[in-house]
Amino acid sequence: MQHLYIHIPFCHRRCSYCDFNTYANMDGRIEAYVQALCAELAMLREFGAPAQPPPILVDPRTALGSTIFFGGGTPSMLTLDQMERVLAAANSIVPLAGAEITIEANPGAVLGADSPALDYFRGLRTLGVNRLSMGVQSLHDPTLRVLGRIHTAAEARQCFETARQAGFDNINLDFMFGLPGQTLIQWEATLDDIATWGTEHFSLYSLILEERTPLYAQVMGGRVSVPNDDATAAMYEAAIERLGAAGYVQYEISNWARNSAQRQTPIAPHACQHNLAYWFNANYVAAGAGAHGHVYPQRYHNILGVDEYINVVRSGRRPIAEVSELTHADLCAETMFMGLRLNAGVSFAHFHARCGAAMDEIYGQTLAELGEQGLLECGEDGVRLTAHGRMLGNQVFMRFV
Ligand code: SF4
């Protein structure tokens, strides 16, 4: 198997907007969870051989290296010793050597008390972790407080510099826009500021108000206001313009990578290889509470709760909550709407290799209609969204479902 996702479902505190599968005040369960995770990875190794052979990738743009991604939650709450044990277990599924190994880090949780940030980051580098994804979200402290983040803007910047000092030369920074009280001028100032940090990668997402979150209740109750759709769209356009001017290549709807002659990877320099695997609709396995895996023709997700997850693994069973069978139509649709998120679009060669059929044979009429509507453009090697289509991405994606 080439791609592995590992979920760490612990946070120091729940952010007000978060609906991820993560739990606060469960630090005492982390060690038991790590042991269960290692046991699940050992079981997953047997399953790791995909039910179908991996696709023959005939498009060099879609030839990815292997990847391991620690997401959460807050993976940086694991100690170095715990991280080492999980990586050792992961190594039997995706060999660590040569893999892109990413860990999500919260600037307010690096780490785990017993080790200063610099030592922790150096330790991660020694273990083979070569990419950090840091959730900064905003450079405006009052907004960070409304979001329930546990760090200030200055601490986030310090954390970034510390990671650099420890040798991380591939860092993603997550930011959000359309935030409570945020103005376009404020967001533009943030963009201009972060463009000078020199990071390799940005993920920028507009705030999604999820039901059952405290922020949703605050906004619905009129206690907090968020920018309207037009203002949020203007913020997105400002990001495209300003990061582009600063030398970042937008390679996906929400992702930018620094242009670099030194580093050439498929699609864009410094593009996240693990996320590319999702956008190429590749097979990947996943471990941890609530983790989702996809090995065509199956998709599965694990049990959500930490204690239930631990107990099931301890009993010697895989902690799967549900398995769905995917049809060939599902495979084709997902290959299209995931791939169209990329600015490079979906190449005919990749579609054929993944789905065993010509794109035109399956979607000829849909492609023609979307082309006539100015949402999609067809090149010699594949199809991609137009700038207009990118603004209406969800409408386009629905046409393939
Ligand atoms: S740190 Fe991330 S995963 Fe944890 S509560 Fe905040 S948004 Fe959710």
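Bear in mind that the values here come from a model prediction, so they are computed numbers and not experimental data. (Residues numbered from 1 in each chain as written. Predicted model: local features only at pLDDT ≥ 70, side-chain atom pairs only at ≥ 80, totals over all residues. Heavy atoms only, no water.)

Asker: So what about the domain arrangement of the protein? Which residues, and what values?
Answerer: Under the domain assignment, the protein is made up of domain 1 (3-279) and domain 2 (328-398). For domain 1 and domain 2, the distance between their C-alpha centres works out to 27 Å. Opposite the 19 residues of domain 1 that make contact, domain 2 presents 15 residues. Put simply, domain 1 and domain 2 have one salt bridge between them. The shortest N-O distance in the salt bridge between arginine 341 and glutamate 252 comes to 2.5 Å. Here domain 1 is connected to domain 2 by five residue pairs in polar contact (both at pLDDT 80 or more). Looking at side-chain class alone, the side of domain 1 that touches domain 2 contains twelve nonpolar, three polar and four charged residues. (Domains from an automatic or database assignment. Contact = heavy atoms within 4.5 Å. Salt bridge = Lys/Arg side-chain N within 4 Å of Asp/Glu carboxyl O. Polar contact = N/O pair within 3.5 Å; in protein donor to acceptor, adjacent residues only side chain to side chain. Nonpolar A, V, L, I, M, F, W, Y, C, P; charged D, E, K, R; others polar.)

Asker: So what's going on with helix 3 (residues 117-127)? Which residues, and what values?
Answerer: Of the residues making up helix 3, those classed as buried are Leu118, Tyr120, Phe121, Gly123 and Leu124. Positive phi appears at glycine 128, one or two residues downstream of helix 3, with a value of about 105°. (Buried < 20%, exposed > 50% of the residue type's maximum accessible area, 1.4 Å probe, protein only. Helix = DSSP H or I, 4+ residues; strand = E, 2+ residues; numbered from the N terminus.)

Asker: Let's hear about the packing of aromatic side chains: which residues, and what values?
Answerer: Inspection of the entire model under this criterion finds 15 aromatic pairs. Consider the rings of phenylalanine 121 and phenylalanine 168, whose centres lie 5.9 Å apart with planes at 75°: the pair is edge-to-face. With phenylalanine 121 in helix 3 and phenylalanine 168 in the loop between helix 5 (153-165) and strand 7 (171-177), this pair connects stretches of sequence that are 47 residues apart. Judged by relative accessible area, which is 0%, phenylalanine 121 ranks as buried. Relative accessible area serves as the criterion here: at 1%, phenylalanine 168 is assigned to the buried category. Both rings, one in phenylalanine 177 and one in tyrosine 236, keep their centres 6.2 Å apart while their planes meet at 20°; by these two values the pair is stacked. Separated by 59 residues along the polypeptide, phenylalanine 177 in strand 7 and tyrosine 236 in helix 8 (residues 229-245) bring together distant segments of the chain. Of the two residues, phenylalanine 177 and tyrosine 236, neither departs from the other in class, the shared state being buried. Taken together, the ring pairs connect Phe177, Trp187, Tyr236 and Trp256 into an aromatic cluster. (Phe/Tyr/Trp six-rings, centres within 6.5 Å; stacked < 30°, edge-to-face > 60°.)

Asker: Explain the pattern of salt bridges residue by residue, including any values.
Answerer: Taken as a whole, this structure holds twelve salt bridges when the rule is applied. Across the salt bridge formed by arginine 242 and glutamate 188, the nearest N and O atoms sit 3.6 Å from each other. Placement of arginine 242 in helix 8 and of glutamate 188 in helix 6 (residues 184-194) is noted, with a sequence separation of 54 residues between them. Within the structure, one salt-bridge network assembled from shared partners comprises Glu31, Asp81 and Arg85.

Asker: Give me the pairing of strand 8 (residues 201-206): which residues, what numbers.
Answerer: Sheet topology note: the strand 7/strand 8 ladder contains six bridges and is parallel. Looking at the pairing, leucine 173 lines up with phenylalanine 202 of strand 8. Looking at chain direction, strand 8 and strand 10 (residues 255-258) are connected through three bridges and run antiparallel. Note that in strand 10 the partner of phenylalanine 202 across the bridge is tryptophan 256. (Pairing = 2+ DSSP bridges.)

Asker: An account of the site of the ligand is requested, with residue identities and associated values reported.
Answerer: All residues in the neighbourhood of the ligand are listed as Cys11, Arg13, Arg14, Cys15, Tyr17, Cys18, Phe20, Thr22, Gly73, Thr74, Asn106 and Arg149. Residue classes in the shell around the ligand are distributed as five nonpolar, four polar and three charged. (Near = heavy atom within 4 Å.)

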